[in-house]
Amino acid sequence: MSDNKWMVGFRRRSAVGVIIEHFYLVDGVADSTEARRTATRMAESEPAGRRDGEPDIQRVQVQRVIPGLLGQMSLSAPVADQVAMPSARPVMSPAGVAR
């Protein structure tokens, strides 16, 4: 299991039409794709009283949580899906081109 932490944000529309951002902290997944899947499951399993409409899973913001030297935390810029761990090697095609 990985020590990666991710902040995943979804937009929801309230009953009166206001757009509300909901954020989920996902811990221990290897990449942004898995963080997004995990946060989607979390968002969809919330009790109806805590939900404001269904999450807009097409408009998701995923950011890596970065620990600082003195214990402070910061967020990366939004990342695209399928960002691997920094130590992972790129997958090479048969022609030797990284994908």
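Criteria and thresholds
Residues numbered from 1 in each chain as written. Predicted model: local features only at pLDDT ≥ 70, side-chain atom pairs only at ≥ 80, totals over all residues. Heavy atoms only, no water. Helix = DSSP H or I, 4+ residues; strand = E, 2+ residues; numbered from the N terminus. Buried < 20%, exposed > 50% of the residue type's maximum accessible area, 1.4 Å probe, protein only. Contact = heavy atoms within 4.5 Å. Pairing = 2+ DSSP bridges. Axes fitted to C-alpha atoms, helices over the stretch in contact; angles between N-to-C directions. Salt bridge = Lys/Arg side-chain N within 4 Å of Asp/Glu carboxyl O.

Caption draft 1: Region of the structure containing the overall build of the chain. Along the backbone of the chain there are 1 helix and 4 strands. Reading the helices (α) and strands (β) of the chain from amino to carboxyl end gives β-β-α-β-β. In the chain, buried positions account for 28% of the 99 residues. Contacts in the chain between residues at least 24 apart in sequence constitute 49% of all its contacts with a sequence separation of at least 6.

Caption draft 2: Here's a closer look at the sheet that holds strand β1 (residues 5-13). Strand order in this open sheet of 4 strands is β2-β1-β3-β4, and the pairing throughout is antiparallel. Here the strands that pair on one side only, and so sit at the sheet edges, are β2 (19-27) and β4 (73-75). Sheet twist, expressed as the average angle between the axes of neighbouring strands with direction ignored, equals 30°. Pairing geometry for β1 and β2, over 9 bridges, is antiparallel. Each bridged residue has a counterpart across the sheet, and for Arg13 the counterpart in β2 is Ile19.

Caption draft 3: Up close: the pattern of salt bridges. With the rule as written, the count across this model stands at 4 salt bridges. Residue Glu34 pairs with Arg37 through a salt bridge whose shortest N-O separation is 2.8 Å. With Glu34 and Arg37 both in helix α1 (residues 32-44) and 3 residues apart, the pair spans about one turn of that helix. A relative accessible area of 27% means that Glu34 is categorised as partly exposed. Linked through salt bridges whose partners overlap, the residues forming this network are Glu34, Arg37 and Arg41.

Purely geometric stuff here, so don't read any function into it on its own.
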